[in-house]
Amino acid sequence: MKRYWLLLNNKCNWIFILLVWSAGAIANAPAGSAYNMTRGATELSHKVYNLHMVIFYICCVIGAIVFGLMFWSIIHHRKAKGATPAQFHGSLKIEILWTAIPVLILIAMAIPASKTLIAMEDASKADMTILVTGSQWKWHYKYMEYPIEFYSLLSTPRDQIENNAAKDDLYLRDVDKPLVLPTGKKIRFLVTADDVIHSWWVPDFAIKKDANPGFINETWAKIENPGIYRGQCAELCGKDHGFMPIVVDVKTPEAFDQWVAEQIAEQEKAKAAEAARGLMTKEELMELGKTIYDTRCAVCHQSGGEGLPGAFPALKGSVIATKDKPAHIHMVLFGKPATAMQAFGKQLTAAELAAVITYERNAWGNDTGDLVQISEINAALSAGE
Amino acid sequence: MSQEHSQSIESANTHHADDAHDHKPQGFSRWFYTTNHKDIGTLYLLFALLMLFTGGSMAMVIRAELFQPGLQFVDPHFFNQMTTVHGLVMVFGAIMPTFVGLANWMVPMMIGAPDMALPRMNNWSFWLLPCAFTILLSTLFMEGGAPAAGWTFYAPLSTTYSNDSTAFFVFAVHLMGISSIMGAMNIIVTIFNLRAPGMTWMKLPLFVWTWIITAFLLIAVMPVLAGVVTMVLTDKYFGTSFFNAAGGGDPVMFQHIFWFFGHPEVYIMILPAFGIISSIVPAFARKPLFGYESMVIATASIAFLSFIVWAHHMFTTGMPVAAELFFMYTTMLIAVPTGVKVFNWVATMWRGAMTFETPMMFAIAFIVLFTIGGLSGLMLAITPADFQYQDTYFVVAHFHYVLVTGALFGIIAGVYFWIPKWTGVMYSERLGQCHFWCSLISVNMLFFPMHFVGLAGMPRRIPDYALQFADMNAFISIGGFLFGLSQLLFVWVVFRCIRRKGEKATAQVWEGAEGLEWQVPSPAPYHTFQTPPEIKSGH
Amino acid sequence: MSAGYQHYYVPHQSHWPIVGAIALFLMGFGAAHWVNDDFIGPILLTIGFGMLLLMLFGWFGNVIEESMSGLYSEQMDHSFRQGMSWFIFSEIMFFAAFFGALFYARMISVPWLDGAGDNAMTAAVLWPNFEAIWPLIKTPAGVETQAMPWEGIPLINTLILLASSVTLQFAHMGIEQQKPAQLGFFLMLTIILGFCFLALQGYEYVHAYEELGLRLDSGVYGNTFFLLTGFHGMHVTLGAIFLTVIFLRIAVKGHFTSEKHFGFQAAAWYWHFVDVVWLNLFVFVYVL
Ligand code: HEA
Ligand code: HEA
Ligand code: CUA
Ligand SMILES: [Cu+2]
């Protein structure tokens, strides 16, 4: 038998030491680095970070001892050095020792972990409550104490995703309308979903809670400093799971109150404007329709209306979009239960609904010439399902 | 085993090992109708290699897409199919069948049995696998594509919101399940019933022990998987609502049932590798295995614990705190028996007389890298920290360390260790070492940085990512391609042996190896033990 | 281990395994096409099923032939017995998955939907009108059904199955004490009881669908009810066929001796297993 021990000289040991050292160095890089867990912005997130680091170091020490002994043996107890094998094959004492010591180490880890966990799961006595609902592929936020609710969607343009434009700094991390929260208040999040399971994850709050359809999970945060905190959906939820960011804009309580007032005023204004709106022209409808379609519908039905065969139907040339207008309106307003087709009646304004349906009936060669007006939408909405 | 004794068996056997005595059927009927454990073992191994490359090619698609931010090669829907099918093919097509193949080859030889206990069923178990994977992979060419809900196929993404492939996936899993259950039954019955006289329980090689326990796990949890996919089927096609709150069910119920299967499943993929390492380390340390009994007890404890830790995959699903604490503690406990195994291997090397042929190199790499994977597993078990790790690349790093540098490296070590026995020729040591170093370096380039992108916040199962992860991902992808290319070397080494290119191997093959399989000539005759061998000494 | 395996029989090559594999392939592939409403599905499924039957006949035929010509040692017999025991264990685990689903629904998901544990908000925000009771006669979405009482057919069926286990035991005593008349009579009786059970179960299903509005898709109560009783019914069917084959082997071919009757025993084990599953079903699906 040839011996290839030359390949394994002392360098090996060095490689190993280097590895452990670099792991430590990388992980210990300043908070917020691109290589380690964030320290975050709440008391609990700091605790989680510390827990993570302590356990990481314990693991490094265990690794160093175990691998150290092994490599010592590899270097010194090799046949090429004339070692003769010992014949021992057991020792009850040492077996007991290396069963007991790990148990003690584990107990030492479990105590702080349990304490932190129990604190994290106590969402009682909150100052305010937000209902967070995930759906394919956007987040909906509802302030339980205020008449405010809205959707929050990825705002990165398609062009950047498809490499037709330069990617900006916030590539895939920005939304059209962030969740706004105050500092210093205990905020309770009720997390749920409309369709599949999503998971609401904001690393800076050390919060990751699954959004299970039909159930509500509770979690909470008390944020120390104003700032913008970013996260992402953390449960595979279908095609665009990777395109479902979360942005939380945290303001001082005063600034927050001001924001609330502004929101309410704006909503009133928009409602009034919509009510005052009469007939829309084809150009108006088509223009608004295209924007809505591209932001809200194209994720499934694709920008050319061709759909994804087997998953999402084509609208280009489809029966509904070229012939049966009432069915088309009904489909968009109320969706189709137990499919990915959501009810958009509550998500969009009447003008937007009218526009997007008009657009679908006239784009990509679906030249029906039909116009859908706000009044038709309102009639269909009040007729109900 | 005294030296003279093994020599005498050796010469006696070499004398008889004339191929003419072997009555080997040829051609089509040999491979399709066979009842021979070695032929079936070979079929399993070749099939698994094919699947490793299939799943590996999908991993290459994943890594190519993730090389840079932005959508480059595939659309997100197809990306999800790649992730899903990669996981399924690797788990059910590559790792598990390889272990069954190794068991088929080695278990009868190690315990001195003439063949497997139920040889025809053995053949059936194998041929179900190509059937199952034909069904599964055919969905890639269907409208709507392959399953895309992850290898864990969480409902309702896999039920209400899935495409037509679901039914194909479900029936494919049923066939895989039938195959695994029958395979496991066969192995367990063989070990219980066909040991040569004198081959007492505490003389069994550890590979055999780990396989008994693995087989038990398989029989216990594969039916549960069959049950849960059946519920997926009825939820999607027959209007049931097991996983639908509107009907009184719960999507999280899916996860409980799935992980009741899924967690023991990951030990199914590692225990036989523990067995292989426990055979290799003593052979090259020329020293008996340290703590044989504690190895057996540790394996059994791991198997037992594996049934009560499943919900550590579900810490973020919103379980009651008491349940979270329970599953955290039980999960952490698994570190203890696993630690015993690691320490025993180190103690076996301690004061041995080691040489470092390729099997030993892979075994050493296994011990180090599996332990790294195990330690990251322990970090994941810490529930509050898991809230930050869950569904990020930190998890991906963890499970590739235990699966690729654990299970797969264990398998590769085993193949180098036993291939002289199978083919009768030594593999090329030069190529073997080259394969080892290329794999070792590239695999760490591939999976080590994943820990850090994960910690920094990159979720798994995404086709595109934010800019701060770009450099790391490019590096990871390069590691991935290099690792993939390195495996071509492996195939080359194996095929050289199959084509009998290389030094002729002796019966003993390795100076320090012990056990019945090293007493029959190399290549092992078509029918090994016509009469039971005599078992003289310990393990 | 004293016996050794000097006479261990390694069977010759056989084409049945691969026929069986292809049969199951066609069945799986066909069934998948079928549920997706593809016309080719039922065709493939039927062909596959035919092949499966052919395979079973051929394979078991071979085994029986070999066994009758005395090729099998005692050790082989052990292998068959252990194989059968592990097979039954795997079946138990299959049922365990569905019982698990039942317990989960009863003890966790349904109460949670009504606010139990820390789920007050689930009930308040999402399902304000839902009330948790078991059997779940009104789902959160509002689908209504009636519960299946245990006093009628289920109770009779329980008695039938219990009786069949006893009669099977008598048949077994018949074979061991070489009393062919007793064996034949009680085996026949067991089979008849088995088919009675199935007939009543069928009647119960019709009753459930037509009068109670209890259906496969009427929420988690209906799901668990039909899947548990349905899979059990499938096992009763298989067991009854198994026993029938044994009966024919005894009556027509004169197989089995008082010492060697593993085929009979395997069928008996299977039957007792199915019986025990039913007892659990009766308690947890019907009574409690
Ligand atoms: C071969 C497969 C394998 C193995 C062996 C393991 C082993 C372990 N795994 Fe892993 N795991 C997976 C495969 C595996 N895992 C897969 C595939 C997933 C992801 C599935 C998916 O979501 O797709 C996963 C995910 C996973 C999670 C969920 C993560 C998440 O999604 O949030 C967790 C959490 O607890 C976990 C924990 C552990 C632990 C504690 C071990 C332990 O068994 C490890 C024990 C070993 C050691 C600890 C090292 C050696 C011990 C010593 C040197 C002794 C001294 C040590 C101490 C005292 C600390 N694993
Ligand atoms: C069981 C074993 C196993 C094995 C061996 C592997 C092997 C590899 N896996 Fe694995 N992986 C899983 C099990 C496994 N994986 C599972 C269970 C998941 C989770 C799935 C899910 O989320 O649902 C996963 C997910 C997963 C992801 C995450 C995907 C995502 O979250 O989106 C990634 C990403 O990099 C990845 C990469 C790789 C790579 C590069 C390899 C490499 O080791 C592969 C090396 C092998 C080859 C490459 C084949 C051989 C060579 C050729 C074909 C020649 C051609 C080569 C070139 C062109 C270079 N895997
Ligand atoms: Cu929503 Cu992932
Ligand atoms: Cu696990």
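Residues numbered from 1 in each chain as written. Chains lettered and ligands numbered in written order. Predicted model: local features only at pLDDT ≥ 70, side-chain atom pairs only at ≥ 80, totals over all residues. Heavy atoms only, no water.

Concerning the site of ligand 1
Taken together, 31 residues form the shell around ligand 1, and within it W151, Y267, D386, H398 and R460 of chain B come nearest. Near ligand 1, residues from chains A and B are present, making the site a shared one. At 3.0 Å from a nitrogen atom of ligand 1 is found a side-chain nitrogen or oxygen belonging to H398 of chain B. Here R460 of chain B contributes a side-chain N or O atom positioned 2.8 Å from an oxygen atom of ligand 1. The set of elements that each furnish at least two residues to the shell around ligand 1 consists of α8 (251-268), α12 (335-349), α13 (358-381) and α15 (393-423) of chain B. In terms of residues, the shell around ligand 1 owes the most to one element, α13 of chain B, which gives seven residues. Looking at side-chain class alone, the shell around ligand 1 contains 19 nonpolar, 10 polar and two charged residues. (Near = heavy atom within 4 Å. Polar contact = N/O pair within 3.5 Å; in protein donor to acceptor, adjacent residues only side chain to side chain. Helix = DSSP H or I, 4+ residues; strand = E, 2+ residues; numbered from the N terminus. Nonpolar A, V, L, I, M, F, W, Y, C, P; charged D, E, K, R; others polar.)

Quick notes on the packing of helix α1 (residues 16-35) of chain C against helix α2 (residues 40-68) of chain C
All names here are of chain C. Direction vectors running N to C along α1 and α2 enclose 155°, while the axes themselves pass 7 Å from each other. By the angle between their axes, α1 is roughly antiparallel relative to α2. Where α1 crosses over α2, the two elements pack in a sense that is left-handed. Of the residues assigned to the contact of α1 with α2, the class counts are 22 nonpolar, seven polar and no charged. (Axes fitted to C-alpha atoms, helices over the stretch in contact; angles between N-to-C directions. Parallel < 35°, antiparallel > 145°, perpendicular 65-115°, else oblique. Left-handed = near helix turned anticlockwise from the far one by under 90°.)

A closer look at the site of ligand 2
Residue and element names in this part refer to chain B. Close to ligand 2 lie 33 residues, the nearest being R63, H86, W151, H400 and R461. Measuring from an oxygen atom of ligand 2, one finds a backbone N or O atom of R461 at 2.6 Å. For the shell around ligand 2, the secondary-structure elements that each account for two or more residues are α3 (37-65), α4 (76-111), α15, α16 (429-455) and α17 (470-498). When residues in the shell around ligand 2 are grouped by element, the largest group, eight residues, is from α3. Grouping the constituent residues of the shell around ligand 2 by class yields 22 nonpolar, eight polar and three charged.

Let's talk about the domain arrangement of chain A
Residue and element names in this part refer to chain A. Assigned domains of chain A: these are domain 1 (2-121), domain 2 (128-273) and domain 3 (277-383). Between the C-alpha centres of domain 2 and domain 3 there is a distance of 26 Å. Summed over both sides, the interface between domain 2 and domain 3 buries roughly 790 Å², with carbon and sulfur atoms accounting for 50% of that surface. The three residues of domain 2 that bury the most area against domain 3 are K138, Y151 and K239, which together make up 45% of that side's buried surface. For the pair domain 2 and domain 3, the interface holds zero salt bridges. Linking domain 2 to domain 3 there are five residue pairs in polar contact (both at pLDDT 80 or more). (Domains from an automatic or database assignment. Buried area = accessible area lost by both parts, 1.4 Å probe. Salt bridge = Lys/Arg side-chain N within 4 Å of Asp/Glu carboxyl O.)

Section: α15 of chain B
All names here are of chain B. F417 marks the point of greatest bend in α15, at about 40°, and the proline P420 comes within the next four residues. In terms of burial, α15 is largely enclosed, as 30 of its 31 residues are buried. One or two steps after α15, the chain reaches G424, where phi turns positive at roughly 85°. (Bend = angle between axes of the 7 residues up to and from the residue. Buried < 20%, exposed > 50% of the residue type's maximum accessible area, 1.4 Å probe, protein only.)

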